[in-house]
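Structure at a glance
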Amino acid sequence: QPFRRISCMWEVFFLRITDIQVGRLSLPLAHPFKTALRTVERLEDVVVRVVGENGLVGYGEAPPTAVITGDTIPSILCAIEEYIKPAIAGMDLMDLDAVMERLDGSMVHNTSPKAAVDMALYDLWGRTLGKPLYQLLGGAKTAFETDLTISVNPVEEMVRDALEARGRGFSILKIKVGKDPALDVERIAAIRKAVGPAVKLRVDANQGWTAAESVSIIKAMEDKGLNIELVEQPVAARDFEGLKAVTAQVDTPILADEAVFSPADALHIIETHAADYLNIKLMKTGGIHNALKICEAAEKNGVKCLIGCMLESQIAVAAAAHLCAGQGIITMADLDGPSLCASPLMPGGPVFDGAMITMSGDPGIGIEAVEGAQWQC
Ligand code: MG
């Protein structure tokens, strides 16, 4: 792993983790966010500050995505304060792998609080080394394009949202379906007709279909020539057999999302060819450390990855952007969290400009200040 060798060249040999603080961040969304699983009006996240003995601070964030990860605001706060902090406080951050293994082993599950602390540690590590994190994670690219999510709604509203997104410069749209399988082909056909052939369409069913429904819906979209780039998580998260059956029976590539949390899940999907692509989200992997393990397995097997996010503000999305820019095997991005928020962007870090995300030279993840957070002291 080249990024570990790089760290030896720097003159920082020891950095004690002196404190881990938590807070709350509440931001209004531009529009309610609706999927087959839920409707959300506001982003309500936990934020984390990791303090090093050099006085530098690393930032992290975790959203409470109870319907996917099981994490809630009280559970995230409790996990960090009562399990994660006691496990790693006082450790030497320059021994990064040891800290990350201790963090991962501090308790089972609880991937969102682990991710918040993991990214804050990587942020502090990068700041201490004076390098932007994406360069330390492999430096594969300096800019990339994200899609924008279109919530599941009545067809006319989805068409209107898709046209508005195209107008804002988004040429890749992720369409949420799955709430009503009978209507889904009609939805996608209407959107394709409205936006024209140049826009890439990704379809996310969020587990909304059975395997048989998936095959018939996807084949119907193929027969109509709707030119769908991929279909994401058609069947229930733990239905690996169903996922595999769908992947085998359709031409459209299938992307595993809720089915892949850990590096072990990723390996299982790769080995059984249960899906064509993997969706990596820091809130599922428990952070960058495990995400890198998934990237390594994917790279070895030539399985392309998409980096996604939950309803996250710019802090966690910036961390995901660094991972995406670092790793060449992540060829697709669904990092639209900041685009869904109504609030202005925080200073520093990757530049979010419509569909384009451009990395900056700011050290670590790069966010200079978390504005509007309420820190617990
Ligand atoms: Mg998804």
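Residues numbered from 1 in each chain as written. Predicted model: local features only at pLDDT ≥ 70, side-chain atom pairs only at ≥ 80, totals over all residues. Heavy atoms only, no water.

**Considering the overall build of the protein chain**
Selection rule: To qualify as a helix, a DSSP run of H or I must reach at least 4 residues; to qualify as a strand, a run of E must reach at least 2; elements of each kind are numbered from the N terminus. Note that the radius of gyration is over C-alpha atoms, with the globule rule given as 2.2 Å times the number of residues to the power 0.38. Only protein chains enter the area calculation, which uses a 1.4 Å probe; residues under 20% of their type maximum are buried, those over 50% are exposed, and those in between are partly exposed. When checking whether two residues touch, look at their non-hydrogen atoms; a contact exists if any pair is within 4.5 Å. Exposure was quantified through the Shrake-Rupley algorithm and a 1.4 Å probe, taking into account, for residues, occlusion by the shown protein chains and nothing else. Under this rule, positive means Lys or Arg and negative means Asp or Glu; His and the chain ends count for nothing. By convention, the point assigned to a charge is CZ for Arg, NZ for Lys, CD for Glu and CG for Asp.
Helix and strand content of the protein chain: 14 helices and 15 strands. Taking 2.2 N^0.38 as the reference for a compact globule, 377 residues should give roughly 21 Å; the C-alpha atoms of the protein chain span a radius of gyration of 20 Å, in line with that estimate. Its C-alpha atoms give the protein chain principal-axis dimensions of about 60 × 40 × 35 Å. Taken over 377 residues, the protein chain has a buried fraction of 59%. Looking at the protein chain alone, contacts between residues at least 24 apart form 73% of all its contacts between residues at least 6 apart. Carbon and sulfur atoms form 52% of the exposed surface of the protein chain, whose accessible area is close to 14200 Å². Averaging the positions of the 34 positive and the 49 negative side-chain charges in the protein chain gives two centres separated by 2 Å.

**Looking at the side chain of aspartate 265**
Stated formally: Here a polar contact means two N or O atoms within 3.5 Å. Within protein one must be a hydrogen donor candidate and the other an acceptor candidate, and residues neighboring in sequence count only if both atoms are side-chain atoms.
Topologically, aspartate 265 is positioned in helix H10 (residues 263–272). For aspartate 265, the side chain forms a polar contact with the main-chain nitrogen of phenylalanine 261, separated by 2.9 Å. Dropping the residues within four chain positions of it, aspartate 265 is found in contact with Arg238, Ala259 and Val260.

**Description of the sheet that holds strand E9 (residues 254–256)**
The line we're drawing: By the convention used here, strands pair only if DSSP detects at least 2 bridges between them. Lines fitted to the C-alpha atoms define the axes, with helices restricted to the stretch that makes contact. Angles between their N-to-C directions range from 0 to 180 degrees.
Read across the sheet, 8 strands follow the order E5-E6-E7-E8-E9-E10-E11-E12 without closing on themselves; strand pairing throughout is parallel. Two strands bound the open sheet, and with one partner strand each, they are strand E5 (148–150) and strand E12 (330–334). Averaged over all pairs of adjacent strands, the angle between strand axes in this sheet comes to 30°, irrespective of strand direction. As paired strands, E5 and strand E6 (residues 172–176) are joined by 3 bridges and run parallel to one another. Note on E6: the bridge partner recorded for threonine 149 is lysine 174.

**Let's talk about the pattern of salt bridges**
Condition: Here a salt bridge means any side-chain nitrogen of Lys or Arg lying within 4 Å of a carboxyl oxygen belonging to Asp or Glu.
Evaluation of the coordinates by the stated rule reveals 16 salt bridges. Close ionic contact of lysine 176 with aspartate 204 constitutes a salt bridge, the shortest N to O distance being 2.9 Å. Note that lysine 176 is positioned in strand E6 and aspartate 204 in strand E7 (residues 200–204), a separation of 28 residues in sequence. The partner of lysine 281 in a salt bridge is aspartate 257, with the nearest N and O atoms 2.7 Å apart. Of this pair, lysine 281 sits in the loop between strand E10 (277–280) and helix H11 (282–285) while aspartate 257 sits in the loop between E9 and H10, and the two are 24 residues apart along the sequence. Residue lysine 281 is classed as buried on the basis of its relative accessible area of 6%. Taken together, the salt bridges that share partners define one network made up of Lys174, Lys176, Asp204, Glu232 and Asp334.

**Thoughts on the layout of surface pockets**
For clarity, the threshold we go by: Any residue with an atom within 4 Å of a point lines the site, the site being either a cavity, points on a 1 Å grid over the protein atoms alone where a 1.4 Å probe fits but cannot get out, or a pocket, an open set with protein on both sides within 12 Å along at least 5 of 7 lines. Grid points are joined across faces, edges and corners, and a volume is the space filled by probe spheres set on the points. The nonpolar class holds Ala, Val, Leu, Ile, Met, Phe, Trp, Tyr, Cys and Pro. Asp, Glu, Lys and Arg form the charged class, and all remaining residues, Gly among them, are polar.
Of the volumes computed, that of the largest pocket is approximately 370 Å³. Lining the largest pocket are 19 residues, with His31, Pro32, Thr149, Ser151 and Asp161 sitting closest to its centre. Those elements that provide at least two residues to the lining of the largest pocket are strand E1 (17–34), E5, helix H6 (155–167) and helix H14 (337–340). The element best represented in the lining of the largest pocket is E1, accounting for 6 residues. Counted by class, the lining of the largest pocket contains 8 nonpolar, 5 polar and 6 charged residues.

**What to know about unusual backbone geometry**
Backbone geometry at histidine 109 places phi at a positive 50°, although glycine is not the residue there. Relative to the elements of secondary structure, histidine 109 occurs in the loop between helix H3 (96–104) and helix H4 (111–129). Among the residues examined, histidine 109 registers a relative accessible area of 65% and is labelled exposed.

**Some details on the sheet that holds strand E13 (residues 351–353)**
Pairing is antiparallel in the open sheet, where 3 strands are placed in the order E4-E14-E13. The open sheet terminates on both sides in strands that have one partner only, identified here as strand E4 (143–145) and E13. Strand after strand, the sheet turns through a mean of 20° between neighbouring axes, direction not considered. Where E4 and strand E14 (residues 356–358) come together, 3 bridges link them in antiparallel fashion. Residue pairing for E14: phenylalanine 144 is matched across the bridge by isoleucine 357.

**Things to note about the coordination of the magnesium ion**
The condition is simple: Because water is not among the atoms used, a metal site may look incomplete, as its donors are only the N, O and S atoms within 2.8 Å, or 3.2 Å for Na, K and Ca.
Protein coordination at the magnesium ion comes from Asp204 (OD), Glu232 (OE) and Asp257 (OD), with a distance range of 2.1 to 2.3 Å. When the donors of the magnesium ion are listed by position in the chain, the intervening gaps give D-x27-E-x24-D. Pair noted here: glutamate 232 is in strand E8 (residues 228–232) and aspartate 257 is in the loop between E9 and H10, with a separation of 25 residues, a long-range link. You can call glutamate 232 buried: its relative accessible area is 0%.

**Considerations on empty space enclosed by the protein**
Using the criterion set out here, one finds 2 cavities of 30 Å³ or more in the structure. Every residue lining the largest cavity is counted, 18 residues in all, and those nearest its centre are Phe33, Lys176, Lys281, Cys309 and Met310. Classifying every residue of the lining of the largest cavity by side-chain character gives 7 nonpolar, 3 polar and 8 charged. Taken as a whole, the second largest cavity encloses approximately 40 Å³ of empty space. Lining the second largest cavity are Met100, Leu103, Asp104, Asp118, Gly286, His289 and Asn290. Counting residues per element, the ones that place at least two in the lining of the second largest cavity are H3 and helix H12 (288–301). Per-element tally for the lining of the second largest cavity: the top contributor is H3, with 3 residues.

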